[in-house]
Structure formats: C-alpha cells, structure tokens
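Understanding the architecture of this molecule
Read off the chains here:
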Amino acid sequence: MKRALAVGVAVALSLLEGFWPQQSAAAHWSVGAVIVLALLAAVLAGRGHQRSSTRNWARSSRRAVSHWWAHPIRSGSVALWVLVLAATAGWDAYSFSHQSDRLPTLSRVIGGITRYPLGRAGVFALWLALGAVIVLAERRTDP
Amino acid sequence: MSLAPLTGVVLGDQVWIAIAIAAALGLAASQRWRRITSPWGVLRWFLQSWAGRAFVLVAWSIAGWHLFCQRP
C-alpha cells in the first residue's frame with residue numbers, strides 16, 4: 001500500500017514536471033525540493049543503518065584492488081565499467097570544450113528527449129527512481 | 001568517413017552510439033553471466049558506506065539540476 005502510494009506520487013510529480021514549461025519557476029522549485037528531500041531522507045534512513053563505516057569500506061576496497069587477480073572476471077568487468085564511465089565523462093568534456101554542432105554533449109543528446117513533455121516526464125521518473133534506489137538501497141535491516 | 005549528409009548523424013553522435021552499445025553489451029553480458037559485475041553491482045558497492053552514498057547522491061543531484069533546470 002505504501003509502495004503503491006509512493007509510485008502514484010512519483011508518477012503524478014513526473015507528469016507535472018513534464019508538462020510544466022521547462023523554464024518556469026515551478027519546474028525548478030520542484031526539482032530543488034526533490035533534491036533537498038532526498039538528501040534529508042538519506043540522512044534519516046541512513047542513521048544507524050549503513051552497512052559499513054567509510055574507513056572499513058575504503059580498507060576493503062583497497063584490499064580488493066591490490067588482490068585483483070583473486071577474482072579476475074569480477075576485476076575485469078569492474079575495469080570495463082570504469083572505462084565506460086571514463087569514456088562518457090571524457091567525451092562529454094571534450095565535446096563541451098569544442099562547443100560545436102558536430103560534437104553534441106550528453107545533456108544535449110538527452111535534451112533531444114526532454115524537450116517533449118512526455119519525454120521530460122519519463123526521464124524525470126527515471127531520475128526519481130534512481131534517487132530512491134540511492135537513498136534506500138543497501139541498508140542494514142537489523143537494529 | 002562522415003555519415004552526416006545521409007543520416008543527420010554527426011561525429012559526436014557516432015561516439016555516443018558506440019559508448020551506448022558498449023554499455024548495453026556489458027549490461028547484457030552481466031545479465032547472462034552472473035560472475036560479471038553489473039552497473040547495479042558497482043552502484044551497490046558505492047552505497048555500502050556513507051562516503052560512497054554521499055558521492056553518488058551529490059552526482060545524482062547535480063545531474064538532475066543540470067538536466068531539468070539548466071538545459072535550454
């Protein structure tokens with residue numbers, strides 16, 4: 001029931017965001033409000049429910065990198081994702097620095113979708129869903 | 001060789017398409033073979049600690065603000 005209500009609110013908010021004029025104050029305020037609420041929710045939901053301390057997380061990550069050969073497939077696939085992310089960030093920065101019609105930035109490519117109300121609503125819904133995962137996922141459930 | 005005169009797809013679009021295909025292939029492989037780390041696995045790793053979660057949350061906030069408020 002709670003989940004259905006949350007999904008309903010998210011769909012309604014996405015449709016509102018999609019059909020508000022992109023440069024309107026309401027469209028901007030709603031995005032700002034979602035960001036503030038997400039940050040607050042992450043702090044409230046996270047108190048005492050984070051799986052690992054930052055120090056232990058950094059230590060275990062360092063150990064995993066230095067012993068990469070122990071899990072070659074996992075290490076190789078993580079390296080692939082790092083490469084894809086680096087290519088995305090690098091090409092975006094290169095395109096931005098040139099400001100050319102032949103080199104669209106990633107936000108300009110996505111802008112081809114968000115210029116239409118339904119496209120904007122859909123991308124906003126995806127952004128909301130990703131935010132919910134970032135706030136709520138990987139929580140320790142025991143007290 | 002540029003395909004722009006025929007298709008309207010410029011050089012930058014071709015690079016974005018190549019990156020998207022690489023990501024889609026990686027995603028498909030991670031679904032087929034569970035030993036391959038998926039993007040969700042990478043995200044879950046970030047979410048294990050406060051520092052990682054804060055980093056991802058800030059990136060998500062900036063991306064949202066840029067896409068929905070700054071992009072003309």
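Our structure's up above, just so we're on the same page.
Residues numbered from 1 in each chain as written. Chains lettered and ligands numbered in written order. Predicted model: local features only at pLDDT ≥ 70, side-chain atom pairs only at ≥ 80, totals over all residues. Heavy atoms only, no water.

Let's talk about the pattern of salt bridges
Taken as a whole and judged by the stated rule, the model has 4 salt bridges over all chains. Note that A:Asp101 and A:Arg108 form a salt bridge whose closest N and O atoms lie 3.7 Å from each other. Judged by its relative accessible area of 64%, A:Asp101 falls in the exposed class. Residue A:Arg108 is classed as partly exposed on the basis of its relative accessible area, which comes to 34%. As a salt-bridge pair, B:Arg44 and A:Glu138 come within 4.0 Å of each other at their nearest N and O atoms. With B:Arg44 in helix 3 (residues 39-46) and A:Glu138 in the segment after helix 6 (117-136), this pair bridges two chains. With a relative accessible area of 41%, B:Arg44 lands in the partly exposed category. Overall, the relative accessible area of 18% leaves A:Glu138 in the buried class. (Salt bridge = Lys/Arg side-chain N within 4 Å of Asp/Glu carboxyl O. Buried < 20%, exposed > 50% of the residue type's maximum accessible area, 1.4 Å probe, protein only. Helix = DSSP H or I, 4+ residues; strand = E, 2+ residues; numbered from the N terminus.)

Notes on the interface of chain B and chain A
Contacts between chain B and chain A engage 39 residues on the former and 56 residues on the latter. Each partner contributes to the roughly 4,300 Å² buried at the junction of chain B and chain A, and carbon and sulfur atoms together form 71% of this total. For chain B, the biggest contributors to the area lost against chain A are B:Trp16, B:Trp60 and B:Phe68; these three give 22% of the whole. For the pair chain B and chain A, the number of links is 1 salt bridge. Connecting chain B to chain A are 19 residue pairs in polar contact (both at pLDDT 80 or more). Counting residues per element, the ones that place at least two in the side of chain B that touches chain A are helix 2 (11-32), helix 3 and helix 4 (50-70) of chain B. For the side of chain B that touches chain A, the element with the highest residue contribution is helix 4 of chain B, accounting for 14 residues. In terms of residue class, the side of chain B that touches chain A is built from 24 nonpolar, 10 polar and 5 charged. (Contact = heavy atoms within 4.5 Å. Buried area = accessible area lost by both parts, 1.4 Å probe. Polar contact = N/O pair within 3.5 Å; in protein donor to acceptor, adjacent residues only side chain to side chain. Nonpolar A, V, L, I, M, F, W, Y, C, P; charged D, E, K, R; others polar.)

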